[in-house]
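Structural description and commentary
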Amino acid sequence: MKSAAPASYTLGELAERIEARLVGDPDLRVSGLATLTDAAPGDLAFLANRAYLKYLADTRASAVLVHPAHGETCPCPRLELDNPYLGYAKLSRLFDPLTNRDPQGVHPSAVVSPDAVIGARVEIGAHCVIEAGVEIADDCVIGAGSFIGADTTLGQGSRLHANVTLYHGVSVGQRAILHSGCVIGGDGFGFAHDGAHWEKIAQLGGVCLGDDVEVGSCSSIDRGALGDTLIGNGVKIDSQVQIAHNVQIGDHSALAGCVGIAGSTKVGRHCLLGGGVGLSGHLTLADGVQVTGMSLVTNSILEPGVYSSGTGSMSNSQWRKNAVRFKQLDEIAKRLTRLERGRRDA
Amino acid sequence: MKSAAPASYTLGELAERIEARLVGDPDLRVSGLATLTDAAPGDLAFLANRAYLKYLADTRASAVLVHPAHGETCPCPRLELDNPYLGYAKLSRLFDPLTNRDPQGVHPSAVVSPDAVIGARVEIGAHCVIEAGVEIADDCVIGAGSFIGADTTLGQGSRLHANVTLYHGVSVGQRAILHSGCVIGGDGFGFAHDGAHWEKIAQLGGVCLGDDVEVGSCSSIDRGALGDTLIGNGVKIDSQVQIAHNVQIGDHSALAGCVGIAGSTKVGRHCLLGGGVGLSGHLTLADGVQVTGMSLVTNSILEPGVYSSGTGSMSNSQWRKNAVRFKQLDEIAKRLTRLERGRRDA
Amino acid sequence: MKSAAPASYTLGELAERIEARLVGDPDLRVSGLATLTDAAPGDLAFLANRAYLKYLADTRASAVLVHPAHGETCPCPRLELDNPYLGYAKLSRLFDPLTNRDPQGVHPSAVVSPDAVIGARVEIGAHCVIEAGVEIADDCVIGAGSFIGADTTLGQGSRLHANVTLYHGVSVGQRAILHSGCVIGGDGFGFAHDGAHWEKIAQLGGVCLGDDVEVGSCSSIDRGALGDTLIGNGVKIDSQVQIAHNVQIGDHSALAGCVGIAGSTKVGRHCLLGGGVGLSGHLTLADGVQVTGMSLVTNSILEPGVYSSGTGSMSNSQWRKNAVRFKQLDEIAKRLTRLERGRRDA
């Protein structure tokens, strides 16, 4: 970023941070991260995928994160470790301009209730609105234009980017990262039908996010009807995701973009939901369940494993012929059975 | 909510409000709603689903909403009515902290055009922007950070939560509820191709919402190209929904999360669109059409009933084998026909 | 719009602007655009689809855009041109109230960094926040409540509607149109697993939008992990779209509502993605690829053409029977093969 001096670190500092074995000058400085092919002098690169091994010998990076097996091929200083990708992840935040900013205090244009409790080194951006009873722990950053409703609490070190909305009665754990446009605590979709029209059911529960939760841009997590909607520790939620009222997501599960989960469904720990996946309501998914992209799950899944729905894609002309036959599938199966019986009787 | 005294009501008041038969002390007070299993003294619970009957005898609630058939099983004071779920819905808003607030007036940081017409007891939150020609009827609440564009009108008793965006030329009926992050009146997706590039078609229509419409978090309703996009009375729209230009939604229809409706499609009255449903453009759906979750509808549906698409989900290994066969379906059907003909000729 | 005098133009001006042949009084004025059936005196209508030819003779419009072949049928003055739809598109912006406003300058409530560089005739709305290092070129309009992060740049004539969020390090070309609720530059969904939990990968790249890009309401375009997410010239993106980190979209491609594209996928030029389409990550789509609504593409497509997935919709009762058979498809195919072999051997 032009508006801030770039962070730079010595190879010695970096190696120590990720417990890598350094082969090279510990005082050599790097000030950026890059891919093997894009790296320039001053950059640190990494080799995490054998498919890119061919680029290692010609890299212009000042240093590379590699598995010891590839150390000899490396033309420059290197940090050897068993999992270079994880090492890259751990070092990446050091180069994030937002990480390295000093907290800027409370902007004068922010409207903060006198009944809100604001911790130490908290930054509240311009035009934020913080309502009564809110508790913001130490080291939080609230991005410009964000709204935090009454009695909502944020745990230490949490960050809201600009234009985030937390309704009242939301509990956020420590080190949360909430991206712009996300909305936590809007009403769940609750209505009772009286024969002629829908009667709204006020959503009296809240939302509870554990520690280390990340929520992507424009995602929404609805408040519970009575109890809370619960998001476990370390859960990672991508952009454009919808989580309905009274859903529970187990620790360390990851939800890719555009996932939608209907009300009261419980997702286990360490689950992976691919982009666009839909889960019907009132289901249970066991720990370790993976659902592939754009699949619809309408029954509980009680065994870990990978699950899918859909037809696969093809040319439209081929697809039309096959889709026509899908409508006839039951009939096709019956005709097949009749043929088999006819054959047996022959 | 800690920041406000909880609302409490006598059983007599509540019974009268929903025309239930009270068995118990009319002066007994309750101050919360809860499920049968979570209820504590001071709570009102309800039994609406036979599956939960087993929890009734041990509930710690101070009172329960029940169907008369279960009255005798109830260990505590009860309100008897034919539809306990509807009774719960009608009482729920009494316990919603947002319902019970006094209007807070116009926040000094709100930017309100002198040409806007603001009714009685209207609350406009911090950092709102209200443009010229806007008309806001009595008893509306505009949440912090919301934007209302020129000439847009809001009917009596409507509520915008924080960070809602209404473009210019939008008409909202009475008692609307618009959740955070929703956008009403953005441009429809209109372009003409000139052989090399897309020429934008300015969207000159507006959006018109009837009375008692609710729009969920992060949903979007686009303005019409020429005429208006029309949402009927009592329509309930969940989160992450997309409604394209010149769509019409009939009264009392309900759209679950992540629904997408393409341009100029007309949805009848009392329709139910499940989560993630997609409707192509220029279709007509009759009254009383239900579409199950994540189905894609590409042809008009002229008869009420339930409609679906999709394959169902299964283990990924099983799915791969079947998806491969989907590509061969037309060929399978033809081979079957040849076999049948061969058999007939045998 | 009531709050502004309607724009009006002579037929002579309009004909010249789109190089149409005028048959009628060049000084006749029109002040609105309408469909053939809705038009009233003072409106300009158009006939672009043979299906509407039947409405031409009775239209009350003051003038109509028509193909020369239909000129004689036209009951009123007409502008003849080969592509009336394109002519309508080109004239439409003349009637857009937002086009015809004078720039309003910088609102006093906007918080603009002294280190931001603001061009001539730039309008910055109430409660905007513009961070350090931002460069806004001439003739841009920044809608109320928008946030522009550090070092982000906007090309000439770009417009942000209200409540738009641009993170730091985003580059926007000329004449961009960004609708409310959209978020450009949020973190891509990048994590490395350490065996027990997810380690966040800071997203150090940016987003780069070409010229004439439009992004719809509530859409999100994530910043790259290392390099940038790239959106080409003339790309049109509808509402509720999700574009993941390091995606590249070629010039003049169009993405309809609710499309989701996973990380590092490259979409060619002049592609059309229908509503709700999903593209898996690390794919390549050639130029001129069209994907029909709600299809999921999981393999690269290297030939232009139309591609689809899905089953088509039907009554739920019919669908249930067919979906059950989908699970048996591999077995059905094998049984068919056995029957054919049995038949051959007979």
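Just so it is clear, the structure is predicted and the values come from calculations on it, not from any experiment.

**Side note on the overall build of chain A**
Helix and strand counts for chain A stand at 4 helices and 39 strands. Taken over the C-alpha trace, chain A has a radius of gyration of 26 Å; the compact-globule value for 346 residues is 20 Å, which it surpasses by more than 25%. The principal-axis extents of the C-alpha atoms in chain A amount to approximately 85 × 60 × 35 Å. The 346 residues of chain A split such that 59% are buried. Put simply, of all contacts in chain A between residues at least 6 apart along the chain, 16% involve residues at least 24 apart. Split by element, the accessible area of chain A, about 13100 Å² in all, is 49% carbon and sulfur. Once the 29 positive and 36 negative side-chain charges of chain A are each reduced to a mean point, those two points are 13 Å apart.

**Quick notes on the UniProt feature "active site" (unreviewed entry) in chain A**
Residue and element names in this part refer to chain A. Taking the UniProt record as the reference, the feature "active site" (unreviewed entry) is found at H245. Among the structural elements, H245 can be located in the loop between β28 (242-243) and β29 (248-249). Accessibility expressed as a relative area gives 16% for H245, which makes it buried. Among all residues touching H245, those that are not within four sequence positions of it are G188, F189, G190, Q203, D222, R223, G224, A225, T229, G263 and S264.

**Remarks on the sheet that holds strand β2 (residues 21-23) of chain A**
Residues and elements named next belong to chain A. Ordered in space as β2-β7-β6-β5-β4, the 5 strands form an open sheet in which the pairing is mixed. Edge positions in the sheet fall to β2 and β4 (32-33), since each of these pairs with one other strand and no more. Judged from the 3 bridges that link them, strand β6 (residues 63-66) and strand β7 (residues 78-80) form a sheet pairing that is parallel. Bridge pairing in β7 links L65 to L79. Along the sheet, helix α1 (residues 11-18) contacts β2, β5 (43-46), β6 and β7; its crossing angle with β7, the most-contacted strand, is approximately 10°. Taken strand by strand, helix α2 (residues 84-92) contacts β4, β5 and β6, and its axis lies near 130° from that of β6.

**Quick word on the domain arrangement of chain A**
With domains assigned, chain A is organised as domain 1 (9-95), domain 2 (111-307) and domain 3 (316-346). A C-alpha centroid distance of 57 Å is found between domain 1 of chain A and domain 3 of chain A.

**Observations regarding the relation of the copies chain C and chain A**
The operation relating chain C to chain A is a screw motion whose rotation component is 120°, with 0.0 Å of axial translation and a residual RMSD of 0.0 Å. Taken together, the rotation and translation relating the two chain copies correspond to the operation of a three-fold axis.

**Thoughts on the pattern of salt bridges**
On inspection of all chains with the given rule, the structure shows 42 salt bridges over all chains. One salt bridge connects C:R78 with C:E72, and the closest N-O pair in it is separated by 3.6 Å. One network of salt bridges, in which partners are shared, links A:R21, A:E72, A:R78 and A:E80.

**Structural notes on the interface of chain C and chain B**
Facing 71 residues of chain C, the contacting portion of chain B comprises 75 residues. Of the roughly 5700 Å² buried between chain C and chain B, counting both surfaces, carbon and sulfur atoms make up 63%. Its salt-bridge partner being B:R325, residue C:D330 comes within 2.8 Å of it at the nearest N-O pair. Of all elements in the fold, only α2 (84-92), β27 (236-237), β30 (254-255), β39 (314-315), α3 (316-326) and α4 (329-345) of chain C reach the threshold of two or more residues within the side of chain C that touches chain B.

**A look at the interface of chain C and chain A**
Across the boundary between the two partners, chain C contributes 75 residues, which contact 71 residues of chain A. Interface of chain C and chain A: buried area, both sides summed, is about 5700 Å²; carbon and sulfur atoms make up 63% of it. Taken as a group, C:F189, C:W198 and C:L226 account for 12% of the area that chain C buries against chain A, more than any other trio of residues on that side. The tally of links from chain C across to chain A stands at 3 salt bridges. Linking chain C with chain A are 28 residue pairs in polar contact (both at pLDDT 80 or more).

**Looking at the packing of aromatic side chains**
Between two aromatic rings, the relevant description is the distance of the centres plus the angle of the planes. By the definition in use, this model includes 21 aromatic pairs over all chains. Ring geometry for C:Y85 and C:Y88: centres 5.8 Å apart, planes at 50°, overall tilted. Note that C:Y85 and C:Y88 are positioned in helix α2 at a spacing of 3 residues, about one turn of the helix. Feature note: the residues A:F46, A:Y85 and A:Y88 constitute an aromatic cluster, connected by ring pairs.

**Describing the environment of A:C258**
Here A:C258 is to be found in the loop between β30 (254-255) and β31 (260-261). Looking at A:C258, the relative accessible area reads 22%, which means it is partly exposed. Each C-alpha atom of the pair A:C258 and A:G293 lies 9.8 Å from the other, and the pair is 35 residues apart in sequence. Among residues more than four places away in sequence, those in contact with A:C258 are A:S239, A:Q240, A:V241, A:G276, A:V277, C:Q242 and C:G260.

**Details of the sheet that holds strand β14 (residues 147-148) of chain B**
All names here are of chain B. With parallel pairing, the 10 strands of this open sheet are ordered in space as β8-β11-β14-β17-β20-β25-β28-β31-β34-β37. Edge positions in the sheet fall to β8 (111-112) and β37 (296-297), since each of these pairs with one other strand and no more. One ladder, built from 2 bridges, connects β14 with strand β17 (residues 165-166); its direction is parallel. Counterpart to F147 in the pairing with β17 is T165.

**Considerations on the confidence of the model for chain A**
Averaged over every residue, the pLDDT of chain A is 96; the share at 70 or more is 98%. Note on the complex model: pTM 0.97, ipTM 0.97.

**Side note on the side chain of A:R159**
Here A:R159 shows up in strand β16 (residues 159-160). The charged side chain of A:R159 is buried without a salt bridge, its nearest counter-charge being A:E123 at 6.3 Å.

**Focus on α4(C)**
Counting along an α-helix, one turn takes 3.6 residues, and residues three or four places apart therefore face a common direction. Between the first and last C-alpha of α4(C) there are 24 Å, a value that for 17 residues agrees with the 24 Å anticipated at 1.5 Å per step. If you check which residues of α4(C) are buried, you get C:L329, C:D330, C:I332, C:A333, C:R335, C:L336, C:L339, C:E340 and C:G342. Buried residues belonging to α4(C) abut α4 (329-345) of chain A, α3 (316-326) and α4 (329-345) of chain B together with α3 of chain C.

**Notes on the side chain of B:H161**
The residue B:H161 is located in the loop between β16 (159-160) and β17 in this model. In this structure B:H161 touches A:Y167, B:L98, B:G143, B:S146, B:I177, B:L178, B:H179 and B:S180, once residues within four positions along its chain are discounted.

**So, the pairing of strand β38 (residues 305-308) of chain A**
Examined bridge by bridge, strand β36 (residues 289-291) of chain A and β38(A) share 3 bridges and lie parallel to one another. Across the sheet, residue A:V291 finds its bridge partner in β38(A), namely A:Y307. Relative to strand β39 (residues 314-315) of chain B, β38(A) runs antiparallel, the two sharing 2 bridges. If you follow A:Y307 over to β39(B), its bridge partner there is B:S315.

Rules behind the numbers
- Residues numbered from 1 in each chain as written.
- Chains lettered and ligands numbered in written order.
- Predicted model: local features only at pLDDT ≥ 70, side-chain atom pairs only at ≥ 80, totals over all residues.
- Heavy atoms only, no water.
- Helix = DSSP H or I, 4+ residues; strand = E, 2+ residues; numbered from the N terminus.
- Rg over C-alpha atoms; globule rule 2.2 N^0.38 Å.
- Buried < 20%, exposed > 50% of the residue type's maximum accessible area, 1.4 Å probe, protein only.
- Contact = heavy atoms within 4.5 Å.
- Areas by Shrake-Rupley, 256 points an atom, 1.4 Å probe, with all protein chains shown as cover.
- Lys, Arg positive; Asp, Glu negative; His and termini not counted.
- Charge placed at Lys NZ, Arg CZ, Asp CG, Glu CD.
- UniProt positions renumbered as here; feature names shortened; annotations may be inferred.
- Pairing = 2+ DSSP bridges.
- Axes fitted to C-alpha atoms, helices over the stretch in contact; angles between N-to-C directions.
- Domains from an automatic or database assignment.
- Least-squares fit on C-alpha atoms with pLDDT ≥ 70 in both.
- Salt bridge = Lys/Arg side-chain N within 4 Å of Asp/Glu carboxyl O.
- Buried area = accessible area lost by both parts, 1.4 Å probe.
- Polar contact = N/O pair within 3.5 Å; in protein donor to acceptor, adjacent residues only side chain to side chain.
- Phe/Tyr/Trp six-rings, centres within 6.5 Å; stacked < 30°, edge-to-face > 60°.
- pLDDT = per-residue confidence, 0-100.
- Expected span 1.5 Å × (residues − 1).

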